[in-house]
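Observations on chain architecture
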Number of protein chains: 2
Amino acid sequence: MSRTTIADVAREAGVTKATVSHAMSGKRPISDDTRAKVLAAAERLNWVPSQSARSLATQTANAIAVVLARDPEVIANDSFFPAFIAGVESVLAETETALILQVVPDRAAEERTYRALSHGRADGALLLDLRTDDWRVPLLEELGLPAVLVGAYEQPTRFSCVRTDDAEPVREIIAHLRAQGHERIAHVSGPLEYVHSRVRADAYTDAVGTDALLREGDFTAASGRARTAELLELADRPTAVLYSNDTMAIAGLSYARSNGLSIPRDLAIAGFDDDHLSAHLSPALTSVSSGPAARGRAAARLLQADILGSDPRTEVVDCNVVHFRESTSTTTSSQSTTTSSQSTSTSTGTSTSTESTTR
Amino acid sequence: MSRTTIADVAREAGVTKATVSHAMSGKRPISDDTRAKVLAAAERLNWVPSQSARSLATQTANAIAVVLARDPEVIANDSFFPAFIAGVESVLAETETALILQVVPDRAAEERTYRALSHGRADGALLLDLRTDDWRVPLLEELGLPAVLVGAYEQPTRFSCVRTDDAEPVREIIAHLRAQGHERIAHVSGPLEYVHSRVRADAYTDAVGTDALLREGDFTAASGRARTAELLELADRPTAVLYSNDTMAIAGLSYARSNGLSIPRDLAIAGFDDDHLSAHLSPALTSVSSGPAARGRAAARLLQADILGSDPRTEVVDCNVVHFRESTSTTTSSQSTTTSSQSTSTSTGTSTSTESTTR
DNA sequence: GTGAAAGCGCTAACAG
DNA sequence: CTGTTAGCGCTTTCAC
């Protein structure tokens, strides 16, 4: 059961370990003849180099990491995350790079995890759920661990970013609701410490002119329901609510309905992130498709480039598309205004502009 | 930028590397005094042991792996996978164990990946999407890599299994449909090479007495639509269809509707895996909640036990619950027959029986 | 073009 | 209880 090592292959091929190493990596000239012998021997013995030995020797891991500080349960009910990971994997698969997914309970563990990752366990990290002034950014800079920031990050940084314009779709939705005669439009945001929640909330406040009907949720169904309950109890209750994700929107929708409201007649509802089933709900849910797979691909590519030594870049993956559906329509018959067939297959074709980071 | 190593900590604490190592692991008696010195030094230097060095020395990785041979896109549209991973992570988080997720394009890459994993990159693997007579089982046995098989596997094996009874819910649904007067009930299965698809398909064939209306899909929306189209073109078209996942069911539902059929009046529809939004669809979709999180937790626990040397066990996580909803009801008003509030929170309380493996 | 040897940072005997 | 000493399997100088 003792694993076969590079020494076994060397012996089998009648050369030294160094030669085997170089024959595999091509890092120095090798005669075709010996290379063939080495490859044959490796094949015969089913040898695969030990990643940990290689990591130790080279300080590279052939893996990138995503560290999640959120409750694992959120993974299950979030429409963004699985699709994002799918996009990431589609890029990593090309180079047989592994993705390390680690959920941590608290900040101490998170910091320890990043330190451990930087010691030969991962070549880089993808940072999700960014906060204004996120402590992870300086930490990773200090550790020298390459990273890509997914989402808007305002501070100067040497890292690449994958951004989208989340304010624009919010403005579009508010305008749409206004056009339908709505005057009291509420917003249930995600945790406002997250930049993307904040951007959406700010765009909302800007568009409606006040934050009186802004309520902070946490992306879970429970919070969607609770914040909706609060809003509906107001003397001057809103006639429309924009939620920062579909899970909260649907929880809110269910709650409103069970309280005798008809959607969209009594209450218009819009979500965000466009879950793959949202178009099939009743009423079909107006939502913003945020191109998670495209963003995952972009992030993985930027990270690989960074690891290979490229300069950091900010890539704006502008794949937000608002799908106006029945949940915000006064005329219940109409389906989406924008093309509704805009799904995974077409998202590769969305406009992707690139600009270099100036700072 | 040279990383701080155990030698730095030893120097800082005025002891040797061995002492530091043991102070951290507790693998041999250490005086409280020196332990304190070591911990203080480690803290001061922000030292985290190099995982690759440790892996090399101990042949352990502090990580477990899931290798996926499917198209990354499936991850995004599958309701089982994210919830399963969430369950796995909730167990791994307790011990700060990492999850390695690797998507591979073909069998050669998959085999190479398992070999690489077994060389100190992962301590074990979770096997999903089992096939009858799956080649991975003997491979992992040969490699000596601990594993847990998720799903029914009929061959004798030394690995632990996490099983569920998928036949029973299929029988329940068929019986329910029969009771509503349906006589031509079709089934769109997943790829029949997968054991779980096969089990469901066999249960279906058994229950209806023929496989004339059995069609093989591949869990994608596209196949759900295509197989539904074929079924609806039959002279004697079915009046009910049971799909092997919700994604196919919803695609089928949409297709049938766009062809002028009313659901469930003209066509009853049932899915499998109970996506978190399925209860909110219109009509609400009858589906089988298969407790993915509970299965993920069970699998992770069994794998950790195996890694620590426990004997393999087969755990039957029987958390399948059929939610009868509008898509199969003649009386369109009624909601689920079974409690519909059976969600993540309650799934921990489902009956979980344990039996030891006899072979 | 190939070989020999020195580590990468840790753990685990073996001494004391 | 603590120090010394070999490795784990690979890469990478440095010689030849």
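Definitions and cut-offs
- Residues numbered from 1 in each chain as written.
- Chains lettered and ligands numbered in written order.
- Predicted model: local features only at pLDDT ≥ 70, side-chain atom pairs only at ≥ 80, totals over all residues.
- Heavy atoms only, no water.
- Helix = DSSP H or I, 4+ residues; strand = E, 2+ residues; numbered from the N terminus.
- Buried < 20%, exposed > 50% of the residue type's maximum accessible area, 1.4 Å probe, protein only.
- Contact = heavy atoms within 4.5 Å.
- Lys, Arg positive; Asp, Glu negative; His and termini not counted.
- Charge placed at Lys NZ, Arg CZ, Asp CG, Glu CD.
- Least-squares fit on C-alpha atoms with pLDDT ≥ 70 in both.
- UniProt positions renumbered as here; feature names shortened; annotations may be inferred.
- Salt bridge = Lys/Arg side-chain N within 4 Å of Asp/Glu carboxyl O.
- Polar contact = N/O pair within 3.5 Å; in protein donor to acceptor, adjacent residues only side chain to side chain.
- Nonpolar A, V, L, I, M, F, W, Y, C, P; charged D, E, K, R; others polar.
- Pairing = 2+ DSSP bridges.
- Near = heavy atom within 4 Å.
- Expected span 1.5 Å × (residues − 1).
- Right-handed = clockwise from strand over helix to strand, strands pointing away.
- Phe/Tyr/Trp six-rings, centres within 6.5 Å; stacked < 30°, edge-to-face > 60°.
- Axes fitted to C-alpha atoms, helices over the stretch in contact; angles between N-to-C directions.

**Topic: the overall build of chain A**
A tally of regular secondary structure across chain A gives 14 helices and 13 strands. The principal-axis extent of the C-alpha atoms belonging to chain A is close to 85 × 45 × 40 Å. Each of the 359 residues in chain A was classed as buried or not, and the buried ones make up 56%. In chain A, 67% of the contacts between residues at least 6 apart in sequence involve partners at least 24 apart. Each charge class in chain A was averaged separately, 35 positive and 46 negative side chains, and the resulting centres sit 5 Å apart.

**Things to note about the relation of the copies chain A and chain B**
Superposing chain A onto chain B requires a rotation of 180° together with a translation of 0.1 Å along the rotation axis, leaving an RMSD of 0.2 Å. Each copy turns onto its partner about a two-fold axis. A high fraction, 100%, of the interface residues of chain A reappear at the interface in chain B, so the copies pair face to face through one surface.

**Concerning unusual backbone geometry**
The omega angle of the peptide bond from I263 of chain A to P264 of chain A is 5°, so this bond is cis rather than trans. With respect to the helices and strands, P264 of chain A occurs in the loop between α12 (246–258) and β9 (268–270). A positive phi angle, close to 50°, is found at E96 of chain A, a residue other than glycine. Looking at E96 of chain A, the relative accessible area reads 27%, which means it is partly exposed. Residue Q59 of chain B is not a glycine yet carries a positive backbone phi of 60°. Mapped onto the secondary structure, Q59 of chain B falls in the loop between α4 (51–58) and β1 (63–68). Overall, Q59 of chain B belongs to the partly exposed group, its relative accessible area being 44%.

**Comments concerning the environment of T5 of chain A**
With respect to the secondary-structure elements, T5 of chain A resides in the segment before α1 (6–13). Put simply, T5 of chain A and L56 of chain A are 51 residues apart on the chain and 15 Å apart in space, counted from C-alpha to C-alpha.

**Some details on the environment of A305 of chain B**
Relative to the helices and strands, A305 of chain B is located in helix α13 (residues 292–307). Taking the C-alpha atoms as reference points, A305 of chain B and P146 of chain B, separated by 159 residues in sequence, lie 9.7 Å from one another.

**Regarding the UniProt feature "domain: HTH lacI-type" (unreviewed entry) in chain A**
According to UniProt, the positions carrying the feature "domain: HTH lacI-type" (unreviewed entry) are residues 4–58 of chain A. As annotated, residues 4–58 of chain A has a helix share of 71% and a strand share of 0%, and its two end C-alpha atoms lie 20 Å apart.

**Looking at the interface of chain A and chain B**
Opposite the 59 residues of chain A that make contact, chain B presents 59 residues. Taken together, the links from chain A to chain B amount to two salt bridges. The shortest N-O distance in the salt bridge between R112 of chain A and E96 of chain B comes to 2.4 Å. Where chain A touches chain B, the interface holds 20 residue pairs in polar contact (both at pLDDT 80 or more). Among the residues forming the side of chain A that touches chain B, the class breakdown is 26 nonpolar, 24 polar and nine charged. Pairing of strand β2 (residues 98–103) of chain A with strand β2 (residues 98–103) of chain B, which is carried by three bridges, proceeds in the antiparallel orientation.

**A short note on the protein's contact with DNA strand C**
Close to DNA strand C lie 27 residues; T19 and R28 of chain A together with I6, K17 and S21 of chain B are nearest. For DNA strand C, the backbone portion of the atoms within 4 Å of the protein, that is sugar and phosphate, comes to 61%. One nitrogen or oxygen atom from the side chain of K17 of chain B is found 2.7 Å from a base nitrogen belonging to DNA strand C. Listed by contribution, the elements that provide at least two residues to the surface near DNA strand C are α2 (17–25) and α4 (51–58) of chain A together with α2 (17–25) and α4 of chain B.

**Here's the deal with helix α13 (residues 292–307) of chain A**
All names here are of chain A. Here α13 is 16 residues long and its end C-alpha atoms lie 22 Å apart, about the 22 Å a rise of 1.5 Å per residue gives. By the criterion of burial, α13 is predominantly enclosed, with twelve of the 16 residues buried. Considered for burial, the residues of α13 that qualify are P292, A293, A294, R295, G296, R297, A298, A299, A300, L302, L303 and D306. Within two residues after α13, G309 carries a phi angle of roughly 105°, on the positive side.

**Some thoughts on the pairing of strand β8 (residues 240–243) of chain B**
Residue and element names in this part refer to chain B. Of the two faces of β8, the one lined by A240 and L242 and the one lined by V241 and Y243 are each fully buried. Across four bridges, strand β6 (residues 185–189) lies against β8 in parallel orientation. The residue bridging A186 from the neighbouring strand is V241, located in β8. Across three bridges, β8 lies against strand β9 (residues 268–270) in parallel orientation. By the bridge assignment for β9, V241 is matched with I269. Since β8 and β9 lie parallel, the crossover through helix α12 (residues 246–258) that links them has a hand, and here it is right-handed.

**A look at the pattern of salt bridges**
All chains considered together, the criterion is met by 44 salt bridges over all chains. R184 of chain B is the salt-bridge partner of D236 of chain B, the closest N and O atoms lying 3.9 Å from each other. In this pair, D236 of chain B is assigned in the loop between α11 (221–233) and β8 and R184 of chain B in the loop between α9 (167–179) and β6, connecting sequence segments 52 residues apart. The closest approach of N and O atoms between R313 of chain B and E315 of chain B, which form a salt bridge, is 3.2 Å. Since its relative accessible area comes to 11%, E315 of chain B is described here as buried. Because the salt bridges share partners, they merge into one network encompassing R107, E111, R115 and E142 of chain A.

**Examining the protein's contact with DNA strand D**
Taken together, 27 residues lie near DNA strand D, and I6, K17 and S21 of chain A together with T19 and R28 of chain B sit nearest. Taking all atoms of DNA strand D within 4 Å of the protein, the share assigned to sugar and phosphate is 60%. At a separation of 3.2 Å, a phosphate oxygen of DNA strand D approaches a polar backbone atom of T16 of chain B. Contributions of two or more residues to the surface near DNA strand D are made by α2 and α4 of chain A together with α2 and α4 of chain B.

**Observations regarding the packing of aromatic side chains**
Residue and element names in this part refer to chain A. Within the structure shown, the criterion is met by two aromatic pairs over all chains. When the centroid spacing of 5.3 Å and the interplanar angle of 25° are considered together, the rings of F80 and F84 count as stacked. Here the residue F80 and the residue F84 both occupy positions in helix α6 (residues 80–92), the gap between them amounting to four residues, near one helical turn. Grouping residues by exposure puts F80 and F84 together as buried.

**Digging into the sheet that holds β9 of chain B**
All names here are of chain B. In space, the four strands of this open sheet follow the order β7-β6-β8-β9, with parallel pairing throughout. Each having just a single partner strand, β7 (214–216) and β9 make up the two edges of the open sheet. Taken pair by pair, the neighbouring strands of this sheet meet at an average axis angle of 15°, ignoring direction. Strands in contact with helix α10 (residues 195–208) are β6 and β7; relative to β6, the strand with the most contacts, it is inclined by about 170°.

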